[in-house]
Amino acid sequence: MNTSFLDSSCRVAFAALLHDLGKFAERAVPEVERDRLEAHVTNYCKWHEQGGYHSHRHAAWTALFMDEVEKSAPDLIRAETAPFSSRQGEGEITDSLVNAAAMHHRPETLLQWIIATADRVASGFEREDFETYNNAEESYTGRNHFQARLWTLFEQVRLAENAKRPDAAADFHWRYRLQPLSPKNLFPVKRDGYEPNQNEPAQAEYRALWEDFLKALEKIPKSHRQQWPLWLDHLDTLWQSYTHAIPSSTFGKNKPEVSLYDHSKATAAFAVALWRWHVWHVAQDNLSDADAICQHKERADWNENKFLLVQGDFFGIQDFIFSEGAETNKNAAKLLRGRSFQVSLFTELAALKVLEDCELPSTSQITNAAGRFLIVAPNTPDVRKRLENVRKELDKWFLDNTFGLAGLGFAFEEACCNDFKTKHCDEFPEGRFSALMDRLLDGLDRAKLSRFALTEDAPCVFAIEYPHGVCPYSSRLPADEQGSAPLSRDQITMGTELAHKDRLLVVRDEAELYKGSVKTLEVPVFGYRIGFTEDEEVTGKFGELARNGGLVRCWDFSLPENLTDTLWHGYARRYINAYVPQFESDDLLLSDKYRDTDAAEVKRLAPKTFNHLACEDRVLDDDGKTWIGQIALATLKGDVDNLGLIFQKGLEKNTFAKMAALSRQMNAFFAVWLPAFCKENYPDTYTVFAGGDDFFLIGPWRSTQKLAAEMATHFKAFVAENPEIHFSAGIVTTKPGHPVHALAEQAETALETVKGYECDGAKAKNAVSVYGQVVSWDKEWSELASCEAEIERLDRACRLSTGYVYGFLNLVDLAEDERKNKKPESAIWRSRVYYRTRRYVVSNKLGAGAQDQLIQVFANGIDNFRGRFRIPLFNFFYSKRRG
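Because the structure is predicted, anything quoted here is derived from the model rather than measured.

### A few points about the environment of Glu512
Examined against the element boundaries, Glu512 turns out to sit in the loop between strand E9 (503-508) and strand E10 (519-520). Each C-alpha atom of the pair Glu512 and Ala160 lies 57 Å from the other, and the pair is 352 residues apart in sequence.

Structure follows, in structure tokens:
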């Protein structure tokens, strides 16, 4: 790897990532020296002869305030600055990094044009659209750049053909809070009552955010400034944390719907790829800067395939996470969370391997969620060759270490600048960008069908011996002298360390890791060694490792302390952790509820096993001595309905930045908000995996139902109450000790039941399956919950016997038979409800009022819900179980 070339790519990415820094600074800083500002406006902003004014004044603010960031950046004065001119040298400094970042509205040099072109490609601009934007002063929203707040893309999604879309500014009712990224701030709020219509409060909000941003910059460890790739990865997370809710555009016909972060990240990725392509092109064809500038200016080369979109997709996730051995159930919880984390880790490390081997910065990785990543690379023969070598290396690693149980598929797709435009035409009825997205999906489908290059030179049969037997945790892997497979031991290690460590170190295989508080995994992954640690930068133990390049990445994977906790802690963040239930002090006081468990396991901060979780919905009876309630687990699996259609057809004019934003935000609900929500409100729920658009949780049987319902409610708020975006889920209830793979299969079957369920001739979706009954989230679930609450109230008032309530299950069967099979004789269920209730009231001397209430609840419940009424009935029985 050529570190100097990688560093140069990082500097290009840095300039492009902060090209719109001025939009942040201008809205936040009330006073600057007027003469200095006007000089920068003259130098960096577009002049309009007609009207006599400079537009896009934010470019001047970018130049003014870039040094605020540079104070905490790698040295750009005395150290290497290539490909930009040094500000210390005697030569021309027109091509300085600051000028390249700030001149994107009036570019002159090739580096300035590269960033300007990347800016336009990221926005999907047609030539005429850009000229309109570049000349614009009026705002589409009716609010100026201080007052306008970021709209949500979710509000605009429409899936039906010819559906009416919101168009006028008044049609958009939701905004994001202008605050640092936290689980709470992922959610939009209503426009009315939040979006300011005066400059003073609007700027005050920006000012507070800016001041926090400058303080947060100082949290990046100083020793990490010695390595551009390491430092830039931290900056990427910082920039996301503080610009995720800043609108990137507030002028002209553009809606303020794309965040400054998502636009900047896309611009950085395109800029690096364009620069690298030009470096190769100059070497091949001796292209002059003047000719290249002319091509950029006239868009003469916008049909040239300069970009290579690299996709990676982890396949075999389910088989890998739920693989079994003789002793899998003994360490089921640790193995599950370790394997789930490992899937995310493998995907992150595979993306890192691509970036490093292709000498690309972290900003070239646009998405990484649910085992899938997307990287923007330059389309050069050298990069293609390197990617093919990476593919072979990763295939070999997975074959050697998992025997093909899991792997990573690669797909490469060429693209030109015009492919990112959104306008429809005869050749591309849905627009060129939509056509590009279709090609990307097709590429991944092909990659899945050509795993491990089995039709080429990959081995079909492994010459493996098992002198020490099979691994007790994964029966396909051979055990070694320690009695298990190293990969399995790593999974258990990860499952243990995730509860106590917050950071992950990625070092080169040959680097030495400090062994004190670092827990190192046994198996190197793709040439990297992995260590789990706490904050060791304070003591300087990793400073030298960072300075000499041995530390490749340092990732913070800690969970937020609460829903309002800011996600920036000084390090690059990866949202790959899950919430792990632990014993707290209150649990120790009630330890007698954990029946048939090892008392030695019940200690503060120790992770809870599935056997413990199965007991968590038990409560003390009225005597204060007897624990009642079913000992059972619920497995919850779900995913967002119609996700492919949302990304392909949901937005009227999709762009690369919008696609990245939708992907990031959808992933954040499950990977960021959900674990934090569980930690705060459902502390006995394991988030086995949650990210992308799907989730798999295990918890106490009743609490998990309530969690699923709350998730549906919060997801509705998350997507701006758009009725076209929702998720479906399947819940299965089992005894603890059930094989983990069986839990997964049953939950998957339950989810498939929902997806295939038809109501009035249409696929229902937006629903949940519980006890084999499909219930819609919108209305039925809350109505059934009300029925259950009423049954519980009547139980407290009338002491309902389980025999009386149990008899209604037979009547539910009759009611279903009446409706489904049109059997008139089954209508007898109604008279039986009255007969059973009258007998119960008389024998228990309850009175006529109780009889009316019981008949209303049970007769109406059966009549309205038929088979679905089993849900509150089963929940009542389970809640009364003793023992």
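### Examining the nonpolar core
Counting residues in each nonpolar core, the largest one holds 266 residues, and the members touching the most others are Phe14 and Leu800. Ranked by residues supplied to this core, first place goes to helix H21 (residues 656-681) with 16 residues. In contact with Leu800, not counting residues within four places along its chain, are Ile791, Leu794, Asp795, Val805, Tyr840, Leu854, Phe858 and Phe876. Leu230, Leu551, Cys554 and Tyr571 belong to the second largest nonpolar core, which has 11 residues in total.

### Describing the packing of helix H25 (residues 802-820) against helix H27 (residues 848-865)
In the contact formed by H25 and H27, the axes pass within 9 Å of each other and the chain directions differ by 35°. Remark: the crossing between H25 and H27 carries right-handed chirality. Taken together, the residues of H27 that come into contact with H25 (itself represented by Tyr804, Val805, Phe808, Leu811, Val812, Ala815 and Arg819) are Leu854, Phe858, Ile862 and Asp863.

### Some details on the sheet that holds strand E7 (residues 372-378)
Reading across from one edge, E6-E7-E5-E8 is the order of the 4 strands in this open sheet, with antiparallel pairing throughout. The open sheet terminates on both sides in strands that have one partner only, identified here as strand E6 (365-369) and strand E8 (407-415). Averaged over all adjacent pairs, the angle separating strand axes in this sheet is 20°, with direction ignored. Where strand E5 (residues 307-315) lies against E8, 9 bridges are found, and the strand directions are antiparallel. Of the residues in E8, the one forming a bridge with Phe315 is Gly407. The sheet strands contacting helix H15 (residues 432-448) are E5, E7 and E8, and the helix crosses E8 at an angle near 145°. H21 contacts E6 and E7 of the sheet and is inclined by roughly 30° relative to E6.

### Looking at the environment of Glu161
The topology assignment puts Glu161 in the loop between helix H7 (127-134) and strand E3 (174-176). Sequence separation between Glu161 and Pro221 is 60 residues, and the spatial gap between their C-alpha atoms is 52 Å.

### Brief notes about the packing of aromatic side chains
With the rule as written, the count across this model stands at 70 aromatic pairs. With a centroid separation of 5.8 Å and 85° between ring planes, the pair formed by Tyr804 and Phe858 is classed as edge-to-face. One end of the pair, Tyr804, is in helix H25; the other, Phe858, is in helix H27, with 54 residues separating them in the sequence. A residue is classified by how much of its surface remains accessible, and Tyr804, at 4% relative accessible area, is buried. By relative accessible area, which is 0% here, Phe858 ends up buried. Over the ring of Trp302 we find Arg299, and its NZ or CZ is 3.9 Å from the ring centre. The ring centre of Phe808 lies 5.5 Å from the NZ or CZ of Arg836, which sits over that ring.

### Quick notes on empty space enclosed by the protein
What the rule picks out here adds up to 9 cavities of 30 Å³ or more. If you add up the space inside the largest cavity, you get close to 70 Å³. In terms of lining residues, the largest cavity is bounded by Phe557, Ser558, Leu559, Pro560, Leu567, Arg573, Arg574, Tyr575, Ile576, Asn577, Ala671 and Val672. The residue inventory of the lining of the largest cavity, partitioned by class, reads 8 nonpolar, 2 polar and 2 charged.

Cut-offs used in this document
- Residues numbered from 1 in each chain as written.
- Predicted model: local features only at pLDDT ≥ 70, side-chain atom pairs only at ≥ 80, totals over all residues.
- Heavy atoms only, no water.
- Helix = DSSP H or I, 4+ residues; strand = E, 2+ residues; numbered from the N terminus.
- Core = buried A, V, L, I, M, F, W, Y, C linked by side-chain atoms within 4.5 Å.
- Buried < 20%, exposed > 50% of the residue type's maximum accessible area, 1.4 Å probe, protein only.
- Contact = heavy atoms within 4.5 Å.
- Axes fitted to C-alpha atoms, helices over the stretch in contact; angles between N-to-C directions.
- Left-handed = near helix turned anticlockwise from the far one by under 90°.
- Pairing = 2+ DSSP bridges.
- Phe/Tyr/Trp six-rings, centres within 6.5 Å; stacked < 30°, edge-to-face > 60°.
- Lys NZ or Arg CZ within 6 Å of the ring centre and 35° of its normal.
- 1 Å grid on protein atoms, 1.4 Å probe; cavity = no way out; pocket = protein on both sides within 12 Å on 5 of 7 lines; lining within 4 Å.
- Points joined across faces, edges and corners; volume = space filled by probe spheres on them.
- Nonpolar A, V, L, I, M, F, W, Y, C, P; charged D, E, K, R; others polar.

Nothing here speaks to function; it is all geometry.
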